2 protein chains.
Amino acid sequence: MTDANAPVELLICTTCRAGQPTDVEGPRPGAQLFDALQGAELPANVTVTPVECFSNCDHGCSITLRGGDARWTYVYGNFTGPEDAELVQDGVTRYAATQDGLVPWRERSVHFRKNCIARIPPLEIPE
Amino acid sequence: MTDANAPVELLICTTCRAGQPTDVEGPRPGAQLFDALQGAELPANVTVTPVECFSNCDHGCSITLRGGDARWTYVYGNFTGPEDAELVQDGVTRYAATQDGLVPWRERSVHFRKNCIARIPPLEIPE
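From a predicted model like this one, the values you see are computed outputs, not experimental measurements.

The subject of this paragraph is the overall build of chain A. Each helix and strand counted, chain A has 3 helices and 5 strands in total. Each helix and strand of chain A, ordered N terminal to C terminal, gives the series β-α-β-β-β-α-α-β. What you see for chain A is a C-alpha radius of gyration of 14 Å, in line with the 14 Å of a compact globule of 127 residues. Buried residues in chain A amount to 48% of all 127 residues. Taken as two groups, the 10 positive and 17 negative side-chain charges of chain A have centres that lie 7 Å from each other.

Quick look at the structure:
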């Protein structure tokens, strides 16, 4: 059993280019999104971690939400950079409030409804 | 620490239609792929589990490979049904032989190279 306070990880791909040509130098949109979320107000049970490459490069920037043995893991894509920090903040806040990772459809932002790349069941797969 | 014998789960989406129109009745390609793998020869540390929906419906049939705290989790897509059982068998066998889930690129089949939907780091994220 777990509860809604079980720790949640927000993983952010910092190598995502969000469709930028590969010859553009400087900070990548994924790294900028990560930076923008450093200052964001998040639930106490959420940590934000940079990761290099989710192999979802065609639909980056990408994030993953996971946390505990009872929650589904979600990968979301098609963020564009730091301007999406608030959108990600909203999504992870709703996710962190659940016990199973399943945010009701009507409570999800349009971006989260339309840009789920994949979800993976918890270790104890529900019936 | 883990070793190459740590248990591996091969999760198969049994609701995937592989592009089939939604009015086609009968067993779905994902369910048929699951059935075809029931009789496959797999490493002793691999279990095969049916799952309903990875939210990767545009690129199904889909599978997920995971196992233990040290392996990356991978989602692969664009399988077409039971005729891909051997391809999946090959992929999970190679995955199960690793400690970290990272199968060298040159050892991956063309399908696995081209149809990785996403990967998620192990709980202990490598440097």
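From this point, the discussion proceeds with the structure in view.
A word on the packing of aromatic side chains. Residues and elements named next belong to chain A. In the structure shown here, the tally under the stated rule is 8 aromatic pairs over all chains. Ring centres 5.7 Å apart and planes at 10° place the aromatic pair Tyr 74 and Tyr 76 in the stacked group. What makes Tyr 74 buried here is its relative accessible area of 2%. Note on Tyr 76: relative accessible area 4%, which makes it buried. Here a set of aromatic residues connected by ring pairs shows up, and it is made of Tyr 74, Tyr 76, Phe 79, Tyr 95 and Phe 112. Across the ring face of Trp 72, the terminal group of Arg 119 is positioned such that the distance to the ring centre comes to 3.8 Å.

Of the two same-sequence chains, chain B is brought onto chain A (RMSD 0.0 Å, axial shift 0.0 Å) by a rotation of 180°. Overall, the copies show the geometry of a two-fold rotation axis. The share of interface residues of chain B whose copies in chain A are also at the interface is 100%, consistent with both copies meeting through the same surface.

Here the focus is the pattern of salt bridges. The final tally for this structure, using the stated rule, is 4 salt bridges over all chains. One salt bridge connects Arg66(A) with Glu9(A), and the closest N-O pair in it is separated by 2.7 Å. Linking Arg66(A) in strand S3 (residues 63–66) with Glu9(A) in strand S1 (residues 8–13), this pair joins segments that are 57 residues apart in sequence. Relative accessible area serves as the criterion here: at 8%, Arg66(A) is assigned to the buried category. The partner of Asp90(B) in a salt bridge is Arg94(B), and the shortest N-O contact between them spans 3.1 Å. Here the residue Asp90(B) and the residue Arg94(B) both occupy positions in helix H2 (residues 85–96), the gap between them amounting to 4 residues, near one helical turn. What makes Asp90(B) partly exposed here is its relative accessible area of 27%.

Right, let's get into the pairing of strand S5 (residues 116–120) of chain B. Consecutive residues of a regular strand have side chains that alternate between opposite faces of the sheet. Residues and elements named next belong to chain B. The buried count for S5 comes to 5 of 5 residues, which makes it a mostly enclosed element. The pairing of strand S4 (residues 73–76) with S5 spans 4 bridges and is classified as antiparallel. When the sheet's bridge partners are listed, Tyr 74 is paired in S5 with Arg 119.

Okay, the sheet that holds S4(B) next. All names here are of chain B. Strand order in the open sheet formed by 5 strands is S2-S1-S3-S4-S5, with mixed pairing between adjacent strands. The outermost strands of the open sheet, each flanked by one partner alone, are strand S2 (46–51) and S5. For this sheet, the mean inter-axis angle between neighbouring strands, taken without regard to orientation, is 15°.

This brings us to the nonpolar core. Core analysis: the largest hydrophobic core is formed by 63 residues, its most contacted members being Leu10(A), Leu33(A), Ile63(A), Leu10(B), Leu33(B) and Ile63(B). In contact with Ile63(A), other than residues within four places in its own chain, are Leu10(A), Leu11(A), Ile12(A), Leu33(A), Phe54(A), Tyr74(A), Val75(A), Tyr76(A), Phe79(A), Val88(A) and Phe112(A).

On to the interface of chain B and chain A, then. Contacts between chain B and chain A engage 23 residues on the former and 23 residues on the latter. For the pair chain B and chain A, the two sides together bury roughly 1,700 Å², of which 61% comes from carbon and sulfur. Its largest share of buried area at the contact with chain A, chain B owes to Arg66(B), Arg119(B) and Ile120(B), together 29% of the area lost on that side. Counting every contact that joins chain B to chain A gives 0 salt bridges. The interface formed by chain B and chain A includes 10 residue pairs in polar contact (both at pLDDT 80 or more). Secondary structure elements with two or more residues in the side of chain B that touches chain A: strand S1 (8–13), S2, strand S3 (63–66), S4 and S5 of chain B.

About the cut-offs
- Residues numbered from 1 in each chain as written.
- Chains lettered and ligands numbered in written order.
- Predicted model: local features only at pLDDT ≥ 70, side-chain atom pairs only at ≥ 80, totals over all residues.
- Heavy atoms only, no water.
- Helix = DSSP H or I, 4+ residues; strand = E, 2+ residues; numbered from the N terminus.
- Rg over C-alpha atoms; globule rule 2.2 N^0.38 Å.
- Buried < 20%, exposed > 50% of the residue type's maximum accessible area, 1.4 Å probe, protein only.
- Lys, Arg positive; Asp, Glu negative; His and termini not counted.
- Charge placed at Lys NZ, Arg CZ, Asp CG, Glu CD.
- Phe/Tyr/Trp six-rings, centres within 6.5 Å; stacked < 30°, edge-to-face > 60°.
- Lys NZ or Arg CZ within 6 Å of the ring centre and 35° of its normal.
- Least-squares fit on C-alpha atoms with pLDDT ≥ 70 in both.
- Contact = heavy atoms within 4.5 Å.
- Salt bridge = Lys/Arg side-chain N within 4 Å of Asp/Glu carboxyl O.
- Pairing = 2+ DSSP bridges.
- Axes fitted to C-alpha atoms, helices over the stretch in contact; angles between N-to-C directions.
- Core = buried A, V, L, I, M, F, W, Y, C linked by side-chain atoms within 4.5 Å.
- Buried area = accessible area lost by both parts, 1.4 Å probe.
- Polar contact = N/O pair within 3.5 Å; in protein donor to acceptor, adjacent residues only side chain to side chain.

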